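# Commentary on secondary and tertiary structure
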Amino acid sequence: MRFAIIRFPGTWSDRDTYHVLHNVLEQQADILWHRETDLSNYDAVVLPGGFSYGDYLRCGAIARFSPVMDAVVDFAEAGKPVIGICNGFQVLCESHLLPGALIRNQSLQFRCQWTYLRREGGSTPWADGIPDGTVLHVPISHGEGNYFADPDTLNELELRGRVVFRYCDAAGEVTPAANPNGSARNIAGIINARGNVLGMMPHPERAGEQLVGGADGNRIWESLLRQATTILAG
Amino acid sequence: MPVDQAALDAVALHRDEYELLVQQLGREPNEVELGMFGSLWSEHCGYKNSKPLLKLFPSSGDQILTKVGAENAGAIDIGGGLCVVMKVESHNHPSAIEPYQGAATGVGGIVRDIFAMGAYPIAILDSLRFGPLDDPQNRYLFEGVVGGIGGYGNCLGVPTIGGEVVFSPAYNGNPLVNAMCVGIAETAKLLSAKAHGEGNVFLLVGSDTGRDGIHGASGLASRTDPEARFEEMRPAVQVGNPFMEKLLMEACYELASEHGDWIVGLQDLGAAGLTSAVVECCAKGGSGAILDLENVPRREQGMTPYEVMLSESQERMLVIAKKEHVAEVTALFQHWELHCEPIGVVTDGDEVVIREHGVEVAHVPVGIATEPPQYRRQGTRPAELMALNAFDPGRLPDVTAGEATGVLLKLLSRPNIASKRGVFRQYDHQVLNNTVVPPGGDAAVLRVPGTNKGIAVSTDCSGRLCYLDPYAGGAIAVAEAARNVVCTGATPVAVTDCLNFGNPEKLDVYYTLEHAVRGIAEACLQFDTPVVSGNVSLYNETAGRPIYPTPVIGLLGIIEDVSKSLRAGFDGAGCQVYLLGAGLEQPAATLGGSEYLEALHGVVAGIPTVDLAAEKRLQQLVLRAHAEGLLVNAHDCSDGGLAVTLAESALLGEQGFEGDAGLAGRLDAALFGEAQGRIVVSIPDDSFRQGGGAARLHDLGNELGVPVTRLGRTVPGDTFSFGPLRTSVTALRDAYEILL
């Protein structure tokens, strides 16, 4: 597959994502500056983590106006796979490709630590290869990753199976202690109604090799790759 | 016209220094020139008290690519066409006045030093010292500094992978904030901070120039000010913009790695801003300059030439572009959405001429500006050392078997020993995907991007030991940093240092500076770890009392196969645990200067000792045993002594431990004494290797002359026992995992 990794001014997970996609999973990937307007050569788009425009305003609030975002919205509306990780998730919420918002961590501090994520229901090419109930070990690194939405939106997300990952403990139990940032209902990742757009605060690209602590994050990329292979073969 | 005292005080020049300046210039300097000379002749920029001492450091070696002090940072060849670039620098005085911004801009400054070399920064470490946290002012400083480091480094996308946090009343009101940065560069693409070639162009890139930070170098960093003045000095602290730094870092790296032939030099604007950046580049390149200040982009109207030349606005770089490539360099920075303005040209002269709208406002001979007077003093041994060193811990009652477990738990929860997880989880320590051994162990280990090699980095210094014996303390700082690096399986290769001391004009403070430098120099010679870069922070005093002498050592080690890095925690049951180096029975004197003595008896006294040859043999033993695949884990024995080391290995590895060694002599010294030169390792059960790993470890120990003492074995479950110590790993962890 050919991945477009979008680099906004202040993005820093671009190289890490490139490393995992290109060097570990041997896929084609390009890092694209935010002034790019053509994504027609790509099969999937990644909005990586970082501090776009310094996040001095609301996180992602300026990046959503970057020239590339019109193309990203078109790409998503065409049903093609888009993932927003960390700051990318914030950009997706600001762009209204996903509902809700990411507010300041309940601790009021930045948190960089490993978390456990439980795969919940909901069909998306980003996670269809991961059986429900699977526990993944993936780190977070953010100051504003506390997922917030009004109760109706949360109920709608739950009802439609759009909560894809929840923070849990090592045994897969969803508990308050396992929630690293105060997210509503321990939500770590959600999809759009169609399932092609995934936003998540944890960093799968930081869990791509045993050497740096684990490779569970690859399950997400591999899910998409398997789907693509199936489509091609079918 | 004689200059008034207030003008001299503003730039921290002594009257006799001013007279020397007038004599060398052959005239009185004008106001702008006085500001420029004051900054360049400050301790912070000119090293006038420390330069003669720094010459004592060994600074060259086969792998060392830079001449110490000549560049923004030191570079070490690690083979394969790559090099490591590193430096540590202080931001103590600004952090005392405005902790968040002081620490943040300290990180920003050291990161710029690294990418000014053409390297990509891959790690930040922070060595921090504060007064005890039960004082609200100290807590405010601590939280502000940690917040500022995280706020800046996290935004930048450079991982903060290590450092230290130490508490002592000696740092009340005068915290130490030393930031170290490590970068990687292709050796062939290293840049230099120099200006040469008549007609080449000075381009100022990054932030606009404002009124912030004026007199940072001369005022804040180069004299002692009463705390009462902190409020009015706050404007001298700069405000950081990590987003701007991120763009600058990416643009400069792209310039260095892809278009290094477009430029002759790259320099960051740090202390004394444009003044020192231009003058130092000219000094290094043997050239002069003409600057036209009206072209300097400004944050506000009405700034005087004095303010423009001395502003320490952050996130600015000076590019010396070849005249035929100015347009391309400008386009590169504009792509990154950065200002890039031509502000002057290189000349064949030896003077820096400053003009505004065609009118000359300053005329500075480079030679005079970069050769401040140097002071060599005859230090006097601090009077209090006689009594402190005469203290005999053997006269204190020994700890009883019944008390020992309680003492261990107490030591584990002391802020100096307890887990720093509450701090480092606020720092992004993973970004760039190279972090193999995260913070919390002996040294952090990073993969060198694109290779199987690793680097291990540690910062260390015991101010308490340096206070009691600056020579031994300086040597111990290097020895401990080297042990920490060796405990990951890395070979020590180079040192960067940050010398934090009081006012060097006081002869007893000067004595501690000189002797600490001598101790460091001797240790670096022994371990073959040249000092490649560093920084000096003097005038660290509160209410007339100097801080502990605190020469922080940042030490780099290399691992050929990063996947074989060792960790501090035990790993698996059934391993045999050994103490390498000085044995179990220790004299009471090893309690001198220990955490135990301060925690239990409220005493900081005694006399530390170090045997550098024995340290070197110990390092060799660990590295050879690891090369043979003998070791499962390794952990340095330092603060809190052997008992704390074993407890940390157990709780970090979540692994039980049962001691079976008999203890002899004084119990307090055996358990909590801080004899140097010791590392605790574990090896697999004897079934692992024919003839037994233990036998081989003993053989190696005999060959190298390092005592090897069996301590016990790791066990399944929660048990922890050693001599009279009886507790559980859970209890150890509960004591250790306090959040600061």
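For clarity, every value in this text was computed on a predicted model and none was experimentally measured.

## A closer look at the pattern of salt bridges
Counting across every chain of the model gives 43 salt bridges over all chains. Residue A:Glu120 pairs with A:Arg118 through a salt bridge whose shortest N-O separation is 2.7 Å. On the accessibility criterion, A:Glu120 (10% relative accessible area) is buried. The shortest N-O distance in the salt bridge between B:Asp660 and B:Arg710 comes to 3.0 Å. In this pair, B:Asp660 is assigned in the loop between β23 (656-659) and α25 (667-672) and B:Arg710 in strand β25 (residues 708-715), connecting sequence segments 50 residues apart. Its relative accessible area of 26% is what places B:Arg710 among the partly exposed residues. Three or more residues joined by partner-sharing salt bridges are found here, namely A:Arg118, A:Glu120, A:Glu158, A:Arg166 and A:Arg185.

## Details of the sheet that holds strand β27 (residues 725-728) of chain B
All names here are of chain B. Read across the open sheet, the 7 strands follow the order β22-β24-β21-β25-β23-β26-β27; overall the sheet is mixed. Every interior strand has two partners, whereas the edge strands, β22 (633-636) and β27, have only one. Pairwise comparison of adjacent strand axes, ignoring direction, gives a mean angle of 25 degrees for this sheet. Relative to strand β24 (residues 678-683), strand β21 (residues 576-581) is paired through 6 bridges, and the arrangement is antiparallel. Each residue of the ladder has a partner; that of Leu-580, found in β24, is Ile-679. Helix α24 (residues 641-653) contacts β21, β22, β23, β24, β25, β26 (719-722) and β27 of the sheet and is inclined by roughly 160 degrees relative to β26. The sheet strands contacting helix α27 (residues 729-736) are β23, β26 and β27, and the helix crosses β27 at an angle near 85 degrees.

## Quick look at α27(B)
When α27(B) is considered as a whole, its buried residues turn out to be B:Val729, B:Leu732, B:Ala735 and B:Tyr736. Down the axis of α27(B), the sector holding all buried residues measures 125 degrees, keeping them to one side.

## A word on the domain arrangement of chain B
Residues and elements named next belong to chain B. Per the domain assignment, the segments of chain B are domain 1 (1-41 + 191-372), domain 2 (47-190 + 456-482 + 492-555) and domain 3 (390-423 + 567-740). Distance between the C-alpha centres of domain 1 and domain 2: 24 Å. Domain 1 puts 41 residues into the contact, and the matching count from domain 2 is 39 residues. Counting each side, the surface lost to burial between domain 1 and domain 2 is near 3400 Å², with a carbon and sulfur contribution of 55%. The largest per-residue losses of area from domain 1 upon contact with domain 2 belong to Leu-191, Glu-245 and Met-249, which jointly make up 19% of the total buried on that side. Between domain 1 and domain 2 we count 3 salt bridges in total. Taking the shortest distance from any N to any O, the salt bridge between Arg-112 and Glu-245 comes out at 2.8 Å. Where domain 1 touches domain 2, the interface holds 15 residue pairs in polar contact (both at pLDDT 80 or more).

## Structural notes on the environment of B:Glu43
All names here are of chain B. Counting through the fold element by element, Glu-43 comes out in helix α4 (residues 43-46). Separated by 521 residues in the primary sequence, Glu-43 and Lys-564 place their C-alpha atoms 44 Å from one another. A distance of 2.8 Å separates a polar side-chain atom of Glu-43 from the backbone nitrogen of Asn-49.

## A closer look at the nonpolar core
A:Phe3, A:Leu39, A:Phe165, A:Trp221, B:Phe333 and B:Ile455 are the most contacted members of the largest nonpolar core, which totals 194 residues. Looking at this core, the element that brings in the most residues is helix α21 (residues 507-527) of chain B, giving 10 residues. Those residues in contact with A:Leu39, other than ones at most four positions away along the chain, are A:Ala4, A:Ile6, A:Leu32, A:Val45, A:Ala71, A:Val72 and A:Phe75. Membership of the second largest hydrophobic core comes to 46 residues, among which are B:Val11, B:Leu21, B:Leu34 and B:Val296.

## Examining the packing of helix α20 (residues 470-486) of chain B against helix α23 (residues 612-627) of chain B
Residue and element names in this part refer to chain B. One can describe the packing of α20 onto α23 by two numbers: an axis separation of 10 Å at closest approach and a directional angle of 5 degrees. On the basis of the axis angle, α20 is roughly parallel to α23. For the pair α20 and α23, contact is made by Ala-475, Ala-479, Ala-482, Arg-483 and Val-486 and by Leu-612, Glu-615, Leu-618, Gln-619, Val-622 and Leu-623, respectively. Along the lines of polarity and charge, the residues of the contact of α20 with α23 split into 8 nonpolar, 1 polar and 2 charged.

## A word on unusual backbone geometry
Its identity as a non-glycine residue notwithstanding, A:Cys86 has a phi of 60 degrees, on the positive side. Relative to the assigned elements, A:Cys86 resides in the loop between β4 (82-85) and α3 (87-94). Assessed through its relative accessible area of 3%, A:Cys86 is described here as buried. We note that B:Asp528 has phi near 55 degrees; this positive angle belongs to a residue other than glycine. Relative to the helices and strands, B:Asp528 is located in the loop between α21 and β17 (531-537).

## Some details on the interface of chain B and chain A
Between chain B and chain A, the contact holds 29 residues from the first and 30 residues from the second. Carbon and sulfur atoms supply 53% of the area buried between chain B and chain A, which totals about 2500 Å² over both sides. For the chain B face of the interface with chain A, the top three residues by lost area are B:Arg425, B:Gln430 and B:Asn433, together amounting to 25%. The tally of links from chain B across to chain A stands at 4 salt bridges. With its nearest N and O atoms 2.8 Å apart, the salt bridge here joins A:Glu209 to B:Arg447. Where chain B packs against chain A, one counts 15 residue pairs in polar contact (both at pLDDT 80 or more). For the side of chain B that touches chain A, the secondary-structure elements that each account for two or more residues are α8 (136-156), α11 (242-259) and β13 (435-437) of chain B.

## Some details on the side chain of B:Asp428
Considering the arrangement of structural elements, one finds B:Asp428 in the loop between α18 (421-424) and β13. Take B:Asp428: its relative accessible area is 0%, and that puts it in the buried class. Looking at B:Asp428, its side chain comes within polar contact range of the main-chain nitrogen of B:Gln430, at 3.0 Å. With near-sequence residues (within four places) excluded, B:Asp428 lies in contact with A:Trp12, A:Phe110, A:Cys112, A:Ser141, A:Arg206, B:Asn154, B:Val158, B:Pro159 and B:Thr160.

Rules behind the numbers
- Residues numbered from 1 in each chain as written.
- Chains lettered and ligands numbered in written order.
- Predicted model: local features only at pLDDT ≥ 70, side-chain atom pairs only at ≥ 80, totals over all residues.
- Heavy atoms only, no water.
- Salt bridge = Lys/Arg side-chain N within 4 Å of Asp/Glu carboxyl O.
- Buried < 20%, exposed > 50% of the residue type's maximum accessible area, 1.4 Å probe, protein only.
- Helix = DSSP H or I, 4+ residues; strand = E, 2+ residues; numbered from the N terminus.
- Pairing = 2+ DSSP bridges.
- Axes fitted to C-alpha atoms, helices over the stretch in contact; angles between N-to-C directions.
- Contact = heavy atoms within 4.5 Å.
- Arc of directions from axis to C-beta.
- Domains from an automatic or database assignment.
- Buried area = accessible area lost by both parts, 1.4 Å probe.
- Polar contact = N/O pair within 3.5 Å; in protein donor to acceptor, adjacent residues only side chain to side chain.
- Core = buried A, V, L, I, M, F, W, Y, C linked by side-chain atoms within 4.5 Å.
- Parallel < 35°, antiparallel > 145°, perpendicular 65-115°, else oblique.
- Nonpolar A, V, L, I, M, F, W, Y, C, P; charged D, E, K, R; others polar.

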